Amino acid sequence: MDIDKTASMDIDITASVDMGPERLAGILIHPTSFPGPYGIGDLGKEAYDFIDFMEKSGMKLWQVLPLGHTGFGDSPYQPFSSFAGQPLIISLDHLRQLNLLVDDDFKDMPQWNPEDICYGDVIQFKTELYKKAYERFLDENIHDGLSSSEELMKAFKDFKKNSKEWLDDYALFMAGKDFHKGAPWYMWEDDLKNPTAAQRAKWEKKLEKEIGYYEFLQFFFDYEWSKLKKYANDKGIRIVGDIPIFVAWDSADVWVNKKLFDLDTKGYPKNVAGVPPDYFSATGQLWGNPLYKWSEHKKTGYEWWFARIKHQLQLTDYLRIDHFRGFDKYWAVPYGEPTAINGKWMKAPGENFFTMLESTLGYHMPIIAEDLGEIDHSVVQLRDKFGFPGMKILQFAFENPNENNFLPHNHVRNCVCYTGTHDNDTTLGWYKNCFEQSRDKLRRYFSTDASDICWVMIRACFGSVATMALVPMQDVLELDSWARFNTPGIGEGNWSWRYKKEALTEHLSKRLYETAKMFGR
């Protein structure tokens with residue numbers, strides 16, 4: 001039988017093929033890592049330059065770490081509030097444009113390392129400038145600043161009104177910390193540690209100006225972030241946020257909601273959060289966060305938790321829940337233990353929580369489950385029941401010499417593939433330092449000599465069947481271990497890496513674009 005080959009060329013064979021959900025590629029980088037002249041990345045021009053680079057490179061996802069106001073240790077996972085934004089990434093140039101800062105304010109600016117954040121110096125420098133800006137903001141005699149802009153003053157008043165449920169607590173908490181020279185709330189005098197309504201009103205009057213300062217900072221964070229998010233969304237770029245499952249002990253959350261946490265009568269935790277020994281640490285990780293009284297949360301219909309999630313979903317388009325397994329079971333370590341070894345697993349609300357959350361939101365939750373570490377069947381069941389994508393880390397695929405779920409041929413569509421995360425070494429550093437057995441497995445698996453190891457892994461990540469593929473910026477730039485963002489269990493030297501402005505080259509953009517398009521992203 002003769003076949004009309006010419007006619008067969010006109011048949012659209014893709015019409016009968018299920019292509020599945022949209023395949024997206026993106027970059028993992030926190031705003032603090034942007035370049036810029038003020039010692040830390042911010043929401044100014046360089047943030048917009050990054051978005052432009054993303055668009056040109058065909059990237060559709062930008063993943064950040066938690067955006068909260070960091071405390072001691074500078075970790076985004078230990079913020080002073082689950083709702084407040086990070087003041088350190090407010091753009092000083094924006095405040096200059098509004099004449100709240102002037103050129104003379106910058107005459108004693110330190111010489112910054114363009115690739116490393118010195119948080120102590122940055123906090124001191126930016127706090128002094130923010131306070132000058134706030135003084136000018138309050139000065140009614142300055143007619144060319146924010147106070148004379150009816151539009152922005154209205155936006156400020158609207159922000160305070162719309163954010164009142166969390167802003168009032170946060171601003172008083174921070175003003176109280178400043179009054180007590182940074183001491184944690186559980187060391188304050190009792191009329192602020194556990195204030196009655198009358199005592200709180202007295203403190204609010206006493207610290208009125210200081211409270212206003214923190215409201216001022218939060219307004220500018222919200223104003224700038226909302227503007228940047230819209231810019232990204234308008235270019236087809238969606239933002240993946242991150243929410244820590246636990247909160248810091250010294251936080252507005254715990255100070256205001258003590259009955260929701262497992263504390264003793266003095267405000268000290270009975271047990272604290274962590275994880276047992278795992279890939280990252282032989283003694284486990286002792287995070288020290290107070291644990292939830294889930295029975296109390298359930299009584300309120302998880303009101304505080306749902307408000308927290310809804311707030312974060314206003315800031316981002318997707319939300320990664322860090323330590324997702326803590327909604328199934330959590331590791332409770334007696335307060336005072338030196339390591340996380342002597343803990344025990346405790347049951348969390350699991351299915352009940354997410355059923356009620358989905359009902360409250362009224363739509364399918366755009367949540368990514370961080371399902372790494374010690375995961376059992378019940379965690380997988382919880383994740384899959386609600387259709388949450390899990391995470392696949394390519395470095396882990398080759399750490400394990402045996403067949404494992406991190407290997408690309410075992411991926412499923414409903415997952416997010418990473419070369420590594422903020423907790424991993426950079427791919428180049430990892431490859432140099434891992435066992436030869438792992439390197440050998442990788443070389444044979446990809447039929448490569450690994451001379452271009454970062455892009456071998458990026459291609460594998462983008463080539464996975466995973467709906468989302470995300471790569472840390474350090475891997476895109478092919479950087480060694482010095483650029484690692486965080487080492488779990490190590491308290492110092494983390495969260496400080498930045499890239500130089502000149503790193504975002506035309507060649508790099510083209511390579512990202514072509515790699516993404518090669519694999520249908």
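Refer to the structure above for everything that follows.
Residues numbered from 1 in each chain as written. Predicted model: local features only at pLDDT ≥ 70, side-chain atom pairs only at ≥ 80, totals over all residues. Heavy atoms only, no water.

**Student:** When you look at the pattern of salt bridges in this model, what are you seeing that I'm missing?
**Tutor:** Side-chain pairing between opposite charges can occur once the charged atoms of the two side chains come close. With the rule as written, the count across this model stands at 34 salt bridges. Between Lys154 and Asp158 there is a salt bridge, with its nearest N and O atoms 2.8 Å apart. In this pair, Lys154 and Asp158 both sit in helix α5 (residues 150-162), four residues apart, roughly one turn of the helix. Linking Asp328 and Arg325 is a salt bridge whose minimum nitrogen-to-oxygen distance equals 4.0 Å. The exposure classification of Asp328 matches that of Arg325, with both residues buried. Here the salt bridges do not stand alone but share partners, grouping Arg325, Asp328, Lys329, Lys347 and Asp376 into one network. (Salt bridge = Lys/Arg side-chain N within 4 Å of Asp/Glu carboxyl O. Helix = DSSP H or I, 4+ residues; strand = E, 2+ residues; numbered from the N terminus. Buried < 20%, exposed > 50% of the residue type's maximum accessible area, 1.4 Å probe, protein only.)

**Student:** Could you clarify how one ought to interpret unusual backbone geometry in this entry?
**Tutor:** Excluding glycine, residues mostly have negative phi values, and the peptide bonds linking residues are mostly trans. Within the chain, Asn99 stands out as a residue other than glycine whose phi angle is a positive 65°. Following the sequence through the fold, Asn99 ends up in the loop between α3 (92-97) and α4 (119-138).

**Student:** How should I be thinking about helix α2 (residues 45-56) in this particular structure?
**Tutor:** Think of an α-helix as 3.6 residues a turn; residues three or four steps apart then line up on the same face. A rise of 1.5 Å per residue sets the reference length of α2, with its 12 residues, at 16 Å; its end C-alpha atoms lie 17 Å apart and thus fit the reference within 8%. Of the positions making up α2, those classed as buried are Glu46, Ala47, Tyr48, Phe50, Ile51, Phe53 and Met54. The inward-facing, buried residues of α2 abut β1 (24-28), β2 (61-63), α9 (208-234), α19 (473-476) and α20 (506-518). Just beyond α2, the residue with positive phi is Gly58, at close to 75°. (Expected span 1.5 Å × (residues − 1). Contact = heavy atoms within 4.5 Å.)

**Student:** Sorry, what's going on with the packing of aromatic side chains here?
**Tutor:** A full pass over the atoms with the stated rule returns 71 aromatic pairs. Judged by centre distance (6.2 Å) and plane angle (55°), the rings of Trp166 and Tyr170 are tilted. With Trp166 and Tyr170 both in helix α6 (residues 164-179) and four residues apart, the pair spans about one turn of that helix. The class for Trp166 is buried, based on a relative accessible area of 12%. Assessed through its relative accessible area of 0%, Tyr170 is described here as buried. When the ring of Phe398 is compared with that of Phe446, the centres are 5.5 Å apart and the planes differ by 55°; the resulting orientation is tilted. Note that Phe398 is positioned in helix α15 (residues 394-399) and Phe446 in helix α17 (residues 436-446), a separation of 48 residues in sequence. (Phe/Tyr/Trp six-rings, centres within 6.5 Å; stacked < 30°, edge-to-face > 60°.)

As far as function goes, none of this settles anything; it's purely spatial.
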